[in-house]
Amino acid sequence: MGNSLKAILAFVPSNKCQKYLLEDLEEMPVDKMVDLSGRQMRRLPVHICSFRELVKLYLSDNNLNHLPPELEQLQNLQILALDFNNFKALPLVVCTLKQLCILYLGNNKLCSLPLELRLLQNLKTLWIESNCLQYLPEVVCELSLLKTLHAGSNALRSLPPQLQCLQELRTIWLSGNLLSEFPPVLLDMPFLEVIDVDRNSIRFFPSLAHLPGLKLVIYDHNPCRNAPKVAKGVRRVGRWSEESPEPRKRSGAVIEITLHEKPLLPPAAKTEPE
């Protein structure tokens, strides 16, 4: 079906037209995965909710701003991708899917997350990058099994102290926010392996040498005057990292050394649960 025809049918609310967008998807696939990404859908056909054994549902890059209550029937769902849509609020029905391990919410218009998110106690990976978050919702700190948090490209200025309760958290991506100081709570999280604070407004970095689990810290594109001190073997990406010394002070002036190392980015590919 041509993209132009799909675009026209996406605006027609009738069940017949919406089902036509699914093409030949009449029965649940053997691999228990449905990928409806890029279909320009304005609503999820309820027919999909009858696939009760479904494990993976990809709805990325559509025009969705709500989900049907029938989605609650998908109680075996482990991966749900809602990124690149038009959600201004997370539909509460998503919080009923208690087997979810990975939830993609990036590139929407979310300003907050509902308290009901705490019901997703099996969640291990949460992508909330490129939204309108001015603060990290404290409900995220109640996701006790969370291992990876992608919260870059928002408007975060700080992190809640409750974040240290997430003792399973290993990687946190905060690139492209409005952090003016290194979040103090991260200094009390010795289990962190990857910290990304690239492209913020941090002027000074405290020592991170006491974090025994740390493997990588990305701090490039900050107006900082020092590199974070780290333990031996920890990879740093930013000015004055392994390749060059920190600036020397002469007569009170700071001589800056600019590196051209390209910073590492969070993995672009969607990952599977462990």
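Residues numbered from 1 in each chain as written. Predicted model: local features only at pLDDT ≥ 70, side-chain atom pairs only at ≥ 80, totals over all residues. Heavy atoms only, no water.

In terms of regular secondary structure, the protein is built from two helices and twelve strands. For the protein, the succession of helices and strands along the chain, N to C, is α-α-β-β-β-β-β-β-β-β-β-β-β-β. In the protein, which comprises 274 residues, the proportion classed as buried is 47%. Pairs at least 24 apart in sequence give 27% of the contacts found in the protein among residues at least 6 apart. Accessible area for the protein stands at about 13,500 Å²; split by element, carbon and sulfur atoms hold 53% of it. (Helix = DSSP H or I, 4+ residues; strand = E, 2+ residues; numbered from the N terminus. Buried < 20%, exposed > 50% of the residue type's maximum accessible area, 1.4 Å probe, protein only. Contact = heavy atoms within 4.5 Å. Areas by Shrake-Rupley, 256 points an atom, 1.4 Å probe, with all protein chains shown as cover.)

In total, this model carries three aromatic pairs according to the counting rule given. When the centroid spacing of 5.4 Å and the interplanar angle of 45 degrees are considered together, the rings of Y104 and W127 count as tilted. Of this pair, Y104 sits in strand β4 (residues 102–104) while W127 sits in strand β5 (residues 125–127), and the two are 23 residues apart along the sequence. Using a relative accessible area of 1% as the deciding quantity, one classes Y104 as buried. Residue W127 is classed as buried on the basis of its relative accessible area of 9%. (Phe/Tyr/Trp six-rings, centres within 6.5 Å; stacked < 30°, edge-to-face > 60°.)

Moving on, we come to the environment of L77. For L77, the position within the fold is in the loop between β2 (56–58) and β3 (79–81). Counting along the chain gives 45 residues from L77 to K32, while the straight-line C-alpha distance between them is 9.3 Å. When residues no more than four places from it in sequence are discounted, the contact partners of L77 are L54, V55, K56, L57, L97, Q99 and L100.

Okay, the sheet that holds β5 next. The ten strands lie next to each other as β1-β2-β3-β4-β5-β6-β7-β8-β9-β10, forming an open sheet whose pairing is parallel. Every other strand in the sheet has two partners, leaving β1 (33–35) and β10 (235–237) as the edge strands with one partner each. In this sheet, neighbouring strand axes are inclined to one another by 5 degrees on average, regardless of whether the strands run parallel or antiparallel. Two strands pair when backbone bridges link them, and strand β8 (residues 194–196) and strand β9 (residues 216–218) are joined in this way by three bridges, in the parallel orientation. Across the sheet, the residue bridging to D196 is I218, located in β9. (Pairing = 2+ DSSP bridges. Axes fitted to C-alpha atoms, helices over the stretch in contact; angles between N-to-C directions.)

Quick look at the confidence of the model for the protein now. Taken residue by residue, the protein gives an average pLDDT of 86. The fraction at 70 or more is 79%. Note on residues 249–265: pLDDT under 50 across the span, and 35 contacts to partners over four residues away in sequence or across chains. (pLDDT = per-residue confidence, 0-100.)

Next up on the list: the pattern of salt bridges. Note that side chains of opposite charge can pair when their charged atoms are close. One pass over the structure, following the stated rule, counts three salt bridges. When the shortest N-O distance is used, the salt bridge between R118 and E142 registers 2.8 Å. Taken as a pair, R118 in the loop between β4 and β5 and E142 in the loop between β5 and β6 (148–150) lie far apart in primary sequence, 24 residues in all. On the accessibility criterion, R118 (35% relative accessible area) is partly exposed. Given a relative accessible area of 35%, E142 falls into the partly exposed group. Between K215 and E193 there is a salt bridge, with its nearest N and O atoms 3.9 Å apart. Of this pair, K215 sits in the loop between β8 and β9 while E193 sits in the loop between β7 (171–173) and β8; the two residues are 22 residues apart in sequence, bridging distant segments of the chain. Here K215 falls in the exposed class, since its relative accessible area comes to 52%. (Salt bridge = Lys/Arg side-chain N within 4 Å of Asp/Glu carboxyl O.)

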